[in-house]
Amino acid sequence: MNPAGHPDVKPYDALLVLSFGGPEKPEDVVPFLENVTRGRGIPRERLEQVGEHYFLFGGRSPINDQNRALIAALEKDLADQGIDLPVYFGNRNWDPYLADTLAQMTADGVQRAAVFATSAYSSWSSCRQYRENLWDAVEQTEGAPRLDKLRQYYNHPGFLEPVVDACLASLAELPTNGDAAHLVFVTHSIPTAMAETSGAPPESEAQPRKAYVKQHRSAVDEVAGRVRAATGRAHRHDLVYCSRSGAPSTPWLEPDVNDHLEELASDGVSQVVLVPIGFVSDHMEVIYDLDTEAMATAERLGMRAVRAATSGTDRRFVEMIRDLVLERAAAERGEAPVRPAVGSMPAGPDVCGAGCCPNPRGPRPALCGRDS
């Protein structure tokens, strides 16, 4: 506690919410996709095809609005706790761009900020790429504040408890409370080579890292176990993937959610709950890949499907962000804070290890790591 009796956030004088970004009107769609895929040589014609997903929703991704709602909830939570900590919003791929936000933070006199990324797991695309973007933004901002990225939170109870409740609510929507329902946990697919190098390097070659899949399986098993404890029923469950992109010759994590639904239907499964365990809010991968495409697959197969909610602005998720800031602040002051974690894996480190989640296209500097 600080002298006023409120939770102490020193040495931080700001919090930055860092996200992916998304278009907010039709004319933004292709330029946004060009930002996302820059350097990969993807033709504009292919980007226009992918853009059709966004045009189904008026050319507007929901992600920025969802992040604004999260920030509003977070600001209220901090104020209710007597914590005076301004919250800033920056994106990797669209307005508000990270560099612009960092320039504003610098102009406002921010000296040191905690960074919360809206991505819970470890891999190059879900962690280190954010750290590389932080490096780039700091390099182009004279007098930029020091930035400390908060730890991964895939196994924090504040993230997973809302998922458990969302599963239970979805089961209750099905006949006989979903007694025979299969839980289909879905996350974003990534190239298998990226998945295999995710996390910190192992102590020996006999211990491959593969943190991305291990972290997801830990989260899936924890949620499924809690659902079983609440219902008294052990639901069959699997981890599957969505949003594959890139060249067909490049292996990505499988099975795809639609292929998995086909397999379940052939096994006689008639009820499924789609659980977006890899996502923190209902952005495009959820509302298109699951709510649109996977639901159409389930309907074609004659399956009854319900999609569970993401953590979004759930009170526990918002409180988790505050707790992560307080936890890291205490550690930076030399204290030994409690680090909540559930499941089979311990709480992750505050600072990413050297060589963690390497860039598949070659080394690039990144902030918030031991090899920065």
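Draft legend 1. Geometry of the overall build of the protein chain. The helix and strand tally for the protein chain stands at 11 helices and eight strands. Here the C-alpha coordinates of the protein chain stretch approximately 60 × 50 × 45 Å along the principal axes. For the protein chain, long-range pairs separated by at least 24 residues make up 78% of all intrachain contacts whose partners lie at least 6 apart in sequence. Of the charged side chains in the protein chain, 37 are positive and 52 negative, and the gap between their average positions amounts to 4 Å.

Draft legend 2. Representation of helix α6 (residues 157–172) within the structure. Taking 1.5 Å per residue, 16 residues should reach 22 Å; α6 reaches 22 Å between its end C-alpha atoms and fits that length. Buried positions along α6 lie against β5 (182–188), α8 (211–231), β7 (271–275), β8 (304–307) and α11 (315–332).

Draft legend 3. Layout of the packing of helix α1 (residues 29–37) against helix α2 (residues 44–55). The interhelical angle for the contact between α1 and α2, taken along N-to-C directions, is 120°, at an axis separation of 9 Å. When the interaxial angle is binned, α1 and α2 end up oblique. Read as a crossing pair, α1 and α2 show a hand that is right-handed. Mapping the contact onto sequence places Val29, Val30, Phe32, Leu33, Glu34 and Thr37 in α1 and Arg44, Leu47, Glu48, Val50, Gly51, Tyr54 and Phe55 in α2. Class assignment for the residues of the contact of α1 with α2 results in eight nonpolar, two polar and three charged.

Draft legend 4. Fine view of helix α10 (residues 284–300). At Ala294, α10 shows its largest bend, some 30°. By the burial criterion, the buried members of α10 are Met284, Glu285, Val286, Ile287, Tyr288, Asp289, Leu290, Ala294, Thr297 and Ala298. Tucked into the core, α10 has its buried residues touching α2, β5, β6 (237–242), α9 (257–266), β7 and β8. Remark: Gly302 follows α10 within two positions and exhibits a positive phi of approximately 75°.

Draft legend 5. Representation of unusual backbone geometry. Residue Pro11 follows Lys10 across a cis peptide bond; omega there is 15°. Of note, the bond from Glu254 into Pro255 is cis; its omega dihedral lies within 30 degrees of zero at 10°. Structurally, Pro255 is set in the loop between β6 and α9. Even without being a glycine, Thr176 presents a positive backbone phi close to 50°. Considering the arrangement of structural elements, one finds Thr176 in the loop between α6 and β5. Phi is positive for Cys357, which is not a glycine, with a value near 50°. Within the secondary structure layout, Cys357 lies in the segment after α11.

Draft legend 6. Molecular detail of the nonpolar core. Among the nonpolar cores identified, the biggest contains 58 residues, and Leu15, Phe116, Tyr153, Phe159, Val223, Ile277 and Phe317 are the most heavily contacted of them. At eight residues, α11 tops the list of elements feeding residues into this core. Among residues more than four places away in sequence, those in contact with Phe317 are Leu70, Phe116, Tyr153, Gly158, Phe159, Val280, Ser311 and Gly312.

Draft legend 7. Structural detail: the pairing of strand β2 (residues 87–91). Burial within β2 is extensive, with five of its five residues counted as buried. Alternating positions in β2 separate into two faces, Val87, Phe89 and Asn91 on one and Tyr88 and Gly90 on the other, with burial throughout. Summarising the sheet, strand β1 (residues 14–19) and β2 pair through five bridges and their orientation is parallel. Within β2, the position partnered with Val17 by the bridge is Phe89.

Draft legend 8. Local environment of the side chain of His182. Of note, His182 is situated in strand β5. Under the relative-accessibility criterion, His182 is labelled buried at 1%. Excluding residues within four positions of it along the chain, His182 makes contact with Arg236, His237, Asp238, His260, Leu264, Val269, Gln271, Val272 and Val273.

Draft legend 9. Representation of the sheet that holds β5. Spatial ordering of the open sheet is given by β6-β5-β7-β8, a layout of four strands whose pairing is parallel. The open sheet is flanked by β6 and β8, the only strands paired with a single partner. Taken pair by pair, the neighbouring strands of this sheet meet at an average axis angle of 25°, ignoring direction.

Draft legend 10. Inspection of the pattern of salt bridges at higher detail. Evaluation of the coordinates by the stated rule reveals 34 salt bridges. One salt bridge connects Glu24 with Arg68, and the closest N-O pair in it is separated by 2.9 Å. Residue Glu24 is found in the loop between β1 and α1, and its partner Arg68 is found in helix α3 (residues 63–80); the two are separated by 44 residues along the sequence. Classification of Glu24 as buried rests on a relative accessible area of 19%. Residue class for Arg68 comes out partly exposed when judged on its relative accessible area of 35%. For Arg364, the salt bridge identified is with Asp136, shortest N-O distance 2.5 Å. Note that Arg364 is positioned in the segment after α11 and Asp136 in helix α5 (residues 124–139), a separation of 228 residues in sequence.

Criteria and cut-off values
- Counting restarts for each chain: residues are numbered from 1 in the order of the written sequence.
- Reporting in this predicted model follows two pLDDT cut-offs: at least 70 for local features of residues, and 80 or more for side-chain atom pairs to be given and counted; totals over whole chains, interfaces and linings ignore these cut-offs and use all residues.
- With hydrogens and water stripped out, all remaining heavy atoms of the structure feed into the side-chain values.
- Think of it this way: any DSSP run of H or I at least four residues long counts as a helix, any run of E at least two long counts as a strand, and we number them from the N terminus.
- The contact criterion used throughout is that any non-hydrogen atoms of two residues lie within 4.5 Å.
- Charge convention: Lys and Arg are scored as positive, Asp and Glu as negative, and His as well as the terminal groups of each chain are ignored.
- Charge positions come from single atoms, namely NZ of Lys, CZ of Arg, CG of Asp or CD of Glu.
- By this rule the span expected of a helix is its residue count minus one, scaled by 1.5 Å.
- In this analysis an axis means a line fitted to C-alpha atoms, helices contributing only their contacting stretch, and an angle means the value between N-to-C directions, from 0 to 180 degrees.
- Geometric relationships in this document are graded by angle, where less than 35 degrees denotes roughly parallel, more than 145 denotes roughly antiparallel, 65 to 115 denotes roughly perpendicular, and other angles denote oblique.
- Crossings are assigned a handedness: left-handed for a near helix turned anticlockwise from the far helix by less than a right angle, right-handed for a clockwise turn.
- Lys, Arg, Asp and Glu make up the charged group, whereas Ala, Val, Leu, Ile, Met, Phe, Trp, Tyr, Cys and Pro make up the nonpolar group; the residues left over, Gly among them, are polar.
- Two axes enter the definition of the bend at a residue: one is fitted to the seven residues ending there, the other to the seven starting there, and the bend is the angle between them.
- Burial classes follow relative accessibility: with a 1.4 Å probe on protein chains only, a residue under 20% of its type's maximum area counts as buried, one over 50% as exposed, and anything between as partly exposed.
- Here, nonpolar core refers to any group of buried Ala, Val, Leu, Ile, Met, Phe, Trp, Tyr and Cys residues whose side-chain atoms link them within 4.5 Å.
- In this analysis, strands are considered paired if DSSP registers two or more bridges between them.
- For this document, the term salt bridge refers to a Lys or Arg side-chain nitrogen within 4 Å of an Asp or Glu carboxyl oxygen.

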